[in-house]
Amino acid sequence: ICAMGRYFHQLFLEPDKAEKWDFVDVSSRNTKKYKEYVAELQADSKRPRDFALLLKEKRNVEYWVEAMKTNIDFFDRIYADTNRFEVPEVMELEGEMWKGKADIVGEDYVYDLKTTGNINDFRWNFRKYNYDSQAYIYSQLFSRPMMFLVIDKTSYMMGAYTVSPESLERGRQKVEKAVEVYRTFFGDNPQEDINQYYFNEEI
């Protein structure tokens, strides 16, 4: 879930924030014990919260982080002395303003930390989840190529993925198309009403 992803990143890059999470030892969020625990968090006048990670989720994320830190090459890439963490940047691309926050900006690469359900599928998911667009945007924002540092959540196999010129070009084309769609529905002079849009296809 998204929360596990945030905890994963914070353990690497913002350990002070990782220490502020709440954890509860239950089987699921549908249990009475979990709901009672969250009710107690919400009643905390100093720092009310409405969510907690399950203890089993916490352990899983910590296993992923430990595995990546144990790999010497990954550790050196993530914690190089000149690296900067959680770096924001804004610039104009295709006539529109874009902003992003890099996990890690190093001397030679901007790094993104990711988990995957199956490391063998990552090259296909790279296109499916538009990581090619992310790679193009971030390479422009931070003036260096992008590398994805990935761990399989089940097998703990890892991959360091650079981005080919072909993937960058595909990402650029997707960004160009995204700008076109944005202007059609949300630009200064929108041509279509997003609430009236639907697919009309034969399948």
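Residues numbered from 1 in each chain as written. Predicted model: local features only at pLDDT ≥ 70, side-chain atom pairs only at ≥ 80, totals over all residues. Heavy atoms only, no water.

> Please provide a residue-by-residue account of helix H4 (residues 55–70), values included.
For H4, with 16 residues, the first-to-last C-alpha span of 22 Å sits near the 22 Å given by 1.5 Å per residue. Within H4 the residues assigned to the buried category are Leu55, Glu57, Lys58, Val61, Trp64, Val65, Ala67 and Met68. (Helix = DSSP H or I, 4+ residues; strand = E, 2+ residues; numbered from the N terminus. Expected span 1.5 Å × (residues − 1). Buried < 20%, exposed > 50% of the residue type's maximum accessible area, 1.4 Å probe, protein only.)

> A description of helix H3 (residues 32–42) should follow, citing residues and the corresponding values.
Considered for burial, the residues of H3 that qualify are Tyr34, Val38 and Leu41. Projected onto a plane normal to the axis of H3, the buried residues spread over an arc of 50° and lie on a single side. Along H3, exposed side chains directed more than 90 degrees from the buried face belong to Lys32, Lys35 and Glu40. On its buried face, H3 is in contact with strand S1 (23–24) and strand S2 (53–54). (Arc of directions from axis to C-beta. Contact = heavy atoms within 4.5 Å.)

> Describe in detail unusual backbone geometry, supporting the description with residues and values.
With a phi close to 60°, Asn130 is a non-glycine residue in the positive phi region. You can see Asn130 is positioned in the loop between helix H6 (122–128) and helix H7 (131–142). By relative accessible area, which is 38% here, Asn130 ends up partly exposed. The backbone of Tyr156 sits at a positive phi, close to 70°, despite the residue not being glycine. Tracing the backbone through its elements, the reader meets Tyr156 in the loop between strand S6 (146–152) and strand S7 (158–162).

> How would you explain the nonpolar core if you had to name every residue and give the values?
Counting residues in each nonpolar core, the largest one holds 23 residues, and the members touching the most others are Tyr7, Phe8, Phe12, Val61, Met68, Leu113 and Leu149. Secondary structure elements with two or more residues in this core: helix H1 (2–13), H4, helix H5 (72–78), strand S5 (110–116) and S6. Ranked by the residues each element gives to this core, the list is headed by H1, at seven residues. Setting aside chain neighbours within four positions, we find Leu149 in contact with Met68, Phe74, Arg77, Ile78, Tyr111, Asp112, Leu113, Lys114, Gly159 and Ala160. Core analysis: the next-biggest nonpolar cluster, separate from the first, contains 20 residues, Val105, Tyr136, Phe142 and Val163 among them. (Core = buried A, V, L, I, M, F, W, Y, C linked by side-chain atoms within 4.5 Å.)

> Describe the side chain of Asn83, listing the residues and the values that go with them.
Looking at where Asn83 falls in the secondary structure, it is placed in the loop between H5 and strand S3 (84–93). From its side chain, Asn83 meets the backbone oxygen of Arg77 in a polar contact 2.7 Å long. At 2.9 Å, the side chain of Asn83 and the backbone oxygen of Ile78 are in polar contact. Those residues within four positions of Asn83 in sequence are excluded, and the remaining contacts are Arg77, Ile78, Ile104, Val105, Gly106 and Glu107. (Polar contact = N/O pair within 3.5 Å; in protein donor to acceptor, adjacent residues only side chain to side chain.)

> Could you give an account of the sheet that holds S5, naming the residues involved and the relevant values?
On the basis of which strands lie adjacent, the open sheet formed by five strands has the order S3-S4-S5-S6-S7 and mixed pairing. For this open sheet the edge positions go to S3 and S7, each flanked by a neighbour on one side alone. Across the sheet, the mean angle from the axis of one strand to that of its neighbour is 35°, orientation sign disregarded. Bridging between S5 and S6 involves seven bridges; their strand directions are parallel. If you follow Asp112 over to S6, its bridge partner there is Phe148. (Pairing = 2+ DSSP bridges. Axes fitted to C-alpha atoms, helices over the stretch in contact; angles between N-to-C directions.)

> I'd love a proper account of the packing of aromatic side chains, names of residues and values included.
Per the stated rule, a full pass over the model turns up 20 aromatic pairs. Ring geometry for Phe185 against Tyr197: centres 5.5 Å apart, planes inclined by 75°, an arrangement best described as edge-to-face. Of this pair, Phe185 sits in helix H8 (residues 165–186) while Tyr197 sits in the segment after H8, and the two are 12 residues apart along the sequence. A relative accessible area of 14% places Phe185 in the buried class. What makes Tyr197 partly exposed here is its relative accessible area of 48%. Three or more aromatic residues joined by ring pairs make a cluster, and in this case those are Phe122, Phe126, Tyr129, Tyr131, Phe148 and Tyr161. Stacked on the ring of Phe23, the Lys or Arg Lys58 has its end atom at 5.2 Å from the ring centre. (Phe/Tyr/Trp six-rings, centres within 6.5 Å; stacked < 30°, edge-to-face > 60°. Lys NZ or Arg CZ within 6 Å of the ring centre and 35° of its normal.)

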